[in-house]
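# Commentary on secondary and tertiary structure
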Amino acid sequence: MQVTLKGIQLAYDRHNKILDQLSFHVQDGELLALLGPSGSGKSTILNLIAGLLTPNAGQILFDETDVTKLDARNRNIGMVFQDYALYPQLNVLYNIAFPLKMAHVKKATRQEQAQKLAKLVHIESLLTKFPSELSGGQQQRVAIARALAKKPKILLLDEPLSNLDAALRVELRDEIRHIQQVTGVTTIFVTHDQNDALRIADKIIVLANGLIQQVSTGAGLYRHPRNLFVAQFIGSPKIN
């Protein structure tokens, strides 16, 4: 599914604009990274797409359908949060299958689908475990499988790797890219870490202070930064 934001404005009061005339487009099946420092508006954009926030002005389109004021429950979105948000009283199998239960899918069918998703994210041996028995990386895999359970048109990932150690971060980062390619779901990935974005994204939007600084591939950002902020933010070491 394509995602388009047109002229989005969001302000909590007249003097404090969070986003101002923000516009961009995500192609069907694309993995887009929203990259920027803390406070740049990344998670706010994700919440707007999810329907958890409503803009003061502008449009949000899924394909050609205006969903700006559509309830979050009707947007067919899967979302993975930074803190995993698993149900502690449910084991892995039931955590993954929970969205299907809410959709009134028969028990045998939802358990079969949950097992397939567990295999996709390599946690099929953990189905009887509870969240408290899992590592951070394992919990994140459960969260991703659960988000994919209802076959969403769009997958939103809000800083999904920030709580992981360096080695696990690299492993799960590549796994997210693999899962996205296998499923073909349009994915928007929020991160403040340029290595995550450069490694897995088809396209990157660099944000600062609620404004888009540049939209490009990782190579394009590195070799042809549009302004000083991008030049200083992308690359290690920073460009001269």
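The structure under discussion appears in the preceding block.
Quick look at the structure, then. Position labels on residues start from 1 in each chain and follow its written sequence. Per-residue local features of the predicted model are confined to residues with pLDDT of at least 70, and side-chain atom pairs are confined, for both listing and counting, to 80 or more; whole-chain, interface and lining totals are unaffected and use all residues. No hydrogens and no water enter the side-chain calculation; it runs on all heavy atoms of the structure.

### Here's the deal with the sheet that holds strand S7 (residues 154-158)
Through backbone hydrogen bonds, the strands of a sheet pair up, either in parallel or in antiparallel fashion. Across the sheet, six strands lie side by side as S6-S7-S8-S3-S9-S10; this open sheet has mixed pairing. With partners counted over all chains shown, the strands left at the sheet margins are strand S6 (77-80) and strand S10 (211-216), one partner each. In this sheet, neighbouring strand axes are inclined to one another by 15° on average, regardless of whether the strands run parallel or antiparallel. The contact criterion used throughout is that any non-hydrogen atoms of two residues lie within 4.5 Å. To obtain an axis, a line is fitted to C-alpha atoms, over the contacting stretch when the element is a helix, and the angle between two such axes runs from 0 to 180 degrees between their N-to-C directions. Secondary structure elements follow DSSP: runs of H or I no shorter than four residues count as helices, runs of E no shorter than two count as strands, and numbering proceeds from the N terminus. Running at roughly 160° to strand S8 (residues 186-191), helix H5 (residues 166-183) makes contact with strand S3 (31-35), S7 and S8 of the sheet. Two strands are counted as paired when DSSP detects at least two bridges linking them.

### Section: helix H3 (residues 107-120)
Take the number of residues in a helix, subtract one, and multiply by 1.5 Å to get its expected span. Here H3 spans 20 Å end to end across 14 residues, near enough to the 20 Å set by a 1.5 Å rise per residue. When H3 is considered as a whole, its buried residues turn out to be Arg110, Ala114, Leu117, Ala118 and Leu120. Projection of H3 onto a plane perpendicular to its axis shows the buried side chains occupying an angular sector of 150°, all on one side. Facing away from the buried surface of H3 by more than 90 degrees, the exposed residues are Ala108, Lys116 and Lys119. Packed against the buried residues of H3 are helix H2 (92-102), helix H4 (136-148) and H5. Following H3 by one or two positions, His122 has its phi on the positive side, about 65°. Per-residue accessibility, obtained with a 1.4 Å probe over protein chains only, is compared with the maximum for each type, and a residue is labelled buried under 20%, exposed over 50%, and partly exposed between these values. This arc describes the spread of directions from the helix axis toward the C-beta atoms.

### Comments concerning the environment of Thr44
Residue placement: Thr44 occurs in helix H1 (residues 42-50). Sequence-wise, Thr44 and Leu10 are 34 residues apart; in three dimensions their C-alpha atoms are separated by 9.1 Å. The residues contacting Thr44, other than those within four sequence positions of it, are Leu10, Ile18, Leu19 and Leu53.

### Focus on the packing of H4 against H5
Axis separation between H4 and H5 bottoms out at 11 Å; the angle between their running directions is 15°. Classed by the angle they form, the pair H4 and H5 counts as roughly parallel. With respect to the hand of their crossing, H4 and H5 are arranged in right-handed fashion. Facing Gly137, Gln140, Arg141, Ile144 and Leu148 of H4, the residues of H5 in contact are Leu168, Glu171, Leu172, Glu175, Ile176, Ile179 and Thr183. Basically, the charged four are Asp, Glu, Lys and Arg, the nonpolar ten are Ala, Val, Leu, Ile, Met, Phe, Trp, Tyr, Cys and Pro, and anything else, Gly included, counts as polar. Taken together, the residues that form the contact of H4 with H5 break down as six nonpolar, three polar and three charged. Throughout, the term roughly parallel applies to angles under 35 degrees, roughly antiparallel to angles over 145, roughly perpendicular to angles from 65 to 115, and oblique to all others. Note: crossing handedness is left-handed where the near helix turns anticlockwise from the far helix by less than a right angle, and right-handed where it turns clockwise.

Nothing here speaks to function; it is all geometry.
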